[in-house]
Amino acid sequence: ACADDRAQVLVDLIGVRQQMADHWGYDTYAEFAWDFYYYRDYTPEQASAYYDRIRQELVPLYRESADSDAWDEIYRSAKSDATFAYVRDTSKAMGGTVWEAFCLLEEGQLYDIAPGENKDTTSFEVYLTSYGVPFLFMCPDGTRYDYLTFAHEFGHFCNNYASYGSAAGVDVAEIFSQGLEYLSLCYTKDAGNLEKIRMATCLTTYVEQAAYASFEQRVYNLTGEELTVENIQALYEEVCTAFGFDSWDWDSRDYVCINHFFTSPMYIISYVVSNDAALQLYQMEQAEKGRGLTCYVDNLTTTEAYFLSFLESAGLKSPFAQGRLEEVRKTLEAVLQK
């Protein structure tokens, strides 16, 4: 009902942000945001080329997997005590710092994962500086996907626990949350279809978030009379079609529902690149038991702000490396096509 108004708000925001970039001497807002907000050591041009490679390498599998039975499993009901037990059991199996962090969470009651009709429909972890401990909040949806949501936020909890409040960059910090999701699959007694669920959502992260990031980056190239609601909507339809999803068939104004476009411009690529690094932990663990976990734990105290620098120091590959997306596709196919 308010889509047209929100679309105009986005147009106005883009105009103001372009003025900000120009004021500080940047050619584009993407370049400004890269430096000013995110301290990235890769460029918008690298990111744009990466989106194109994702489209070529992963979109065919994305289309093929649209009817996967993983999406049925994702809605299977689960209670909060089962969600808690999943993360508790996998943390205990991992041992060391991860188990220490979970004991703190449990004994200190530093979490709220129970359902509640008045709870905000979000999940997050925050470091309580005054107390010197992390706290985890989750609004469960009552499905088995809650297992992974809890594991995700607990990954942030582990990072903050080990480092007494993480000072890592945004792209780096997200590796620890997503990384624990993947590692939990390797340390549960019965992953069942949970592994297929995670690989299906991994694939959608690559494809859909890359599409959103590509759309956003191209939107900020519209200037002057080209910057209109109609042109933004047309660009969204073009990008969605290229990346193989059709939500715009229903209403191509649905981009106004993506709050990051309004509140955190140029953030979305963080989901894609950090997901790639986190998936590498899973791949390492599959190749050699304990290898991915060791890499995860050894780097929980990092203060590295720059993503590619962190990957190099941790012995992980750049998501932009030649052949990397082919490796990703093969890993996803191995699970999704079982």
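Here, every reference points to the structure presented above.
Below: a short report on this structure. (Residues numbered from 1 in each chain as written. Predicted model: local features only at pLDDT ≥ 70, side-chain atom pairs only at ≥ 80, totals over all residues. Heavy atoms only, no water.)

**Let's talk about the pattern of salt bridges**
Pairs can form between side chains of opposite charge once their charged atoms are near each other. Counted under the stated rule, the structure contains 13 salt bridges. Salt-bridge contacts for Arg-324 lead to Asp-276; the nearest nitrogen and oxygen are separated by 3.1 Å. Linking Arg-324 in helix α16 (residues 324-336) with Asp-276 in helix α13 (residues 269-287), this pair joins segments that are 48 residues apart in sequence. Accessibility expressed as a relative area gives 2% for Arg-324, which makes it buried. Asp-276 gets classed as buried once you look at its relative accessible area, which sits at 0%. Glu-327 is the partner of Lys-317 in a salt bridge, and the nearest nitrogen-oxygen pair spans 2.6 Å. Here Glu-327 lies in helix α16 and Lys-317 lies in the loop between α15 (307-314) and α16, a separation of ten residues in the sequence. Judged by its relative accessible area of 40%, Lys-317 is partly exposed. For Glu-327, a relative accessible area of 31% gives the class partly exposed. (Salt bridge = Lys/Arg side-chain N within 4 Å of Asp/Glu carboxyl O. Helix = DSSP H or I, 4+ residues; strand = E, 2+ residues; numbered from the N terminus. Buried < 20%, exposed > 50% of the residue type's maximum accessible area, 1.4 Å probe, protein only.)

**Observations regarding unusual backbone geometry**
The backbone of Tyr-39 sits at a positive phi, close to 50°, despite the residue not being glycine. Secondary-structure assignment places Tyr-39 in the loop between α2 (29-38) and α3 (44-64). One non-glycine residue, Tyr-164, lies in the positive phi region at around 55°. The residue Tyr-164 is located in the loop between α7 (145-163) and α8 (170-186) in this model. By relative accessible area, Tyr-164 is classed as exposed at 67%.

In short, the description is geometric, and any link to function would need to be established separately.
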